[in-house]
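Chains, contacts and geometry: an overview
Each chain, letter by letter, is given below.
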Amino acid sequence: MQNLTISEWNSRNIPTQNTVSFDYLSFFTGVIVALIGVILTIAWDKYKSYKQEKNSLTTIAHELETNILEIKDNKYSISQELIFLEQRKTIVKPLIKLNDDFSSFLIMNCPSLFKNQTNLLEEVRKISKLTREINETIQSRESYRISNGAMTNYENRIKI
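Residues numbered from 1 in each chain as written. Predicted model: local features only at pLDDT ≥ 70, side-chain atom pairs only at ≥ 80, totals over all residues. Heavy atoms only, no water.

Describing the environment of Phe-102
Short version of the rule: Helix and strand definitions follow DSSP, with helices as H or I runs of at least four residues and strands as E runs of at least two, each counted in order from the N terminus. The buried label goes to any residue with under 20% of its type's maximum accessible area, the exposed label to any with over 50%, and the partly exposed label to all in between, with areas taken from a 1.4 Å probe on protein chains only.
Among the structural elements, Phe-102 can be located in helix H2 (residues 102-108). Given the relative accessible area of 2%, Phe-102 is considered buried. C-alpha separation for the pair Phe-102 and Ala-61, spaced 41 residues apart in sequence, amounts to 9.4 Å.

Concerning the confidence of the model for the chain
Segments scoring low in pLDDT should not have their predicted coordinates read at a detailed level. To keep things clear, this is the line we draw: One number per residue, pLDDT, summarises how confident the predictor is, and it ranges from 0 to 100.
Within the chain, residue pLDDT values average 81, and 85% of them lie at 70 or more. Confidence scores differ between elements of the chain, with strand E1 (residues 2-9) showing the lowest mean pLDDT of 56 and helix H1 (residues 24-86) the highest of 89.

Notes on the pattern of salt bridges
Here is the rule: A pairing counts as a salt bridge when a side-chain nitrogen of Lys or Arg comes within 4 Å of a carboxyl oxygen of Asp or Glu.
Taken as a whole and assessed by the stated rule, the structure comprises seven salt bridges. Among the ionic pairs, Lys-93 bridges to Asp-73, the shortest N-O distance being 3.0 Å. Remark: Asp-73 occurs in helix H1 and Lys-93 occurs in the loop between H1 and H2; sequence separation between them is 20 residues. Judged by its relative accessible area of 40%, Lys-93 is partly exposed.

A word on the side chain of Ser-128
Operational definition: Pairs of N or O atoms within 3.5 Å make up the polar contacts considered here, provided that, within protein, one atom can donate a hydrogen while the other can accept it, and that residues adjacent in sequence are counted only when both atoms are side-chain atoms.
The residue Ser-128 is located in helix H4 (residues 118-147) in this model. With relative accessibility at 2%, the residue Ser-128 sits in the buried group. A polar contact is formed between the side chain of Ser-128 and the side chain of Arg-132, at a distance of 2.8 Å.

Describing H1
The following threshold applies: Residue count minus one, scaled by 1.5 Å, sets the expected span of a helix. Residue contacts follow a heavy-atom distance rule, with two residues in contact if any of their heavy atoms lie within 4.5 Å.
With 63 residues, H1 extends 93 Å between its outermost C-alpha atoms, agreeing within 8% with the 93 Å of an ideal straight helix rising 1.5 Å per residue. Among all positions in H1, only Ser-56, Ile-60, Glu-63, Thr-66, Asn-67, Glu-70, Asn-74, Ser-77, Glu-81 and Leu-85 are buried. Among the structural elements, H2, helix H3 (112-116), H4 and helix H5 (154-159) are those in contact with the buried residues of H1. Arg-88 occupies a position one or two residues after H1 and carries a positive phi of about 60°.

Some points on the side chain of Glu-63
Where we set the bar: Residues scored as positive are Lys and Arg, those scored as negative are Asp and Glu, and His as well as the terminal groups of each chain are ignored.
Relative to the helices and strands, Glu-63 is located in helix H1. With no salt bridge to any partner, buried Glu-63 finds its closest opposite charge in Arg-132, at an N-O distance of 12 Å. If we skip the residues at most four places from it in the chain, Glu-63 touches Asn-99, Asp-101 and Phe-102.

Focus on the packing of aromatic side chains
For any pair of aromatic rings, the description rests on two quantities: the centre-to-centre distance and the angle between the ring planes. Just so we agree on the cut-off: Side-chain rings of Phe, Tyr and Trp, where Trp is taken by its six-membered ring, are said to pair if the distance between their centres is within 6.5 Å; with planes under 30 degrees apart they count as stacked, over 60 as edge-to-face, and otherwise as tilted.
Throughout the structure, instances matching the rule amount to two aromatic pairs. Here Phe-27 and Phe-28 contribute two aromatic rings whose centre-to-centre distance is 5.2 Å and whose plane-to-plane angle is 70°, an arrangement assigned as edge-to-face. Relative to Tyr-47, the ring of Trp-44 has its centre 5.5 Å away and its plane inclined at 35°; by these criteria the two rings are tilted. Linking Trp-44 with Tyr-47, this pair stays in helix H1, spanning three residues, or about one helical turn. The class of Tyr-47 is partly exposed, set by a relative accessible area of 43%.

Observations regarding a nonpolar patch on the surface
Put simply, the rule is: Residues enter patches when they are more than 30% accessible in relative terms and free of salt bridges; like-charged ones are connected within 9 Å and nonpolar ones (Val, Leu, Ile, Met, Phe, Trp, Tyr) within 5 Å. Note on areas: Shrake-Rupley with a 1.4 Å probe; residue coverage comes only from the protein chains shown.
Where nonpolar side chains cluster on the molecular surface, the patch consists of Tyr-24, Phe-27, Phe-28, Val-31, Ile-32, Leu-35, Ile-36, Ile-39 and Leu-40 and spans about 890 Å² of accessible area. Positionally, Ile-39 belongs in helix H1. On the basis of relative accessibility, which here comes to 55%, the residue Ile-39 falls in the exposed class.

If you want it as structure tokens, here you go:
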């Protein structure tokens, strides 16, 4: 602890001296505590960012894996339908649309992996575009299947 002397002038122009004590230990302790708080805040933000990126990548991978399974299921349904069409029978089960909202999720939660590799981001955009096109084809096919089942050339058209 060290004393600090401050001189001041009073109203009668007579100098007076006041002594203020300054505690260096308390000052540096406060500075150190503040720095620890700042460092912990930065570390917590980095950890949250890492967790969010990991969750984003997991979500995108899950969406793509789900689409792969749905494509396999649709492919099986179409192959079964082709067999039944030869027997002049139809399948009522509709094709499943694919998840195409992962690209908008990616835009909102873009991990640094995608920011640093533009080719990867471009591939995801291509996949998203193809997914939307497949969904439009599925929707068109299902509309045709539902609306035109009574037509005489239904089997030939649905095979195409």
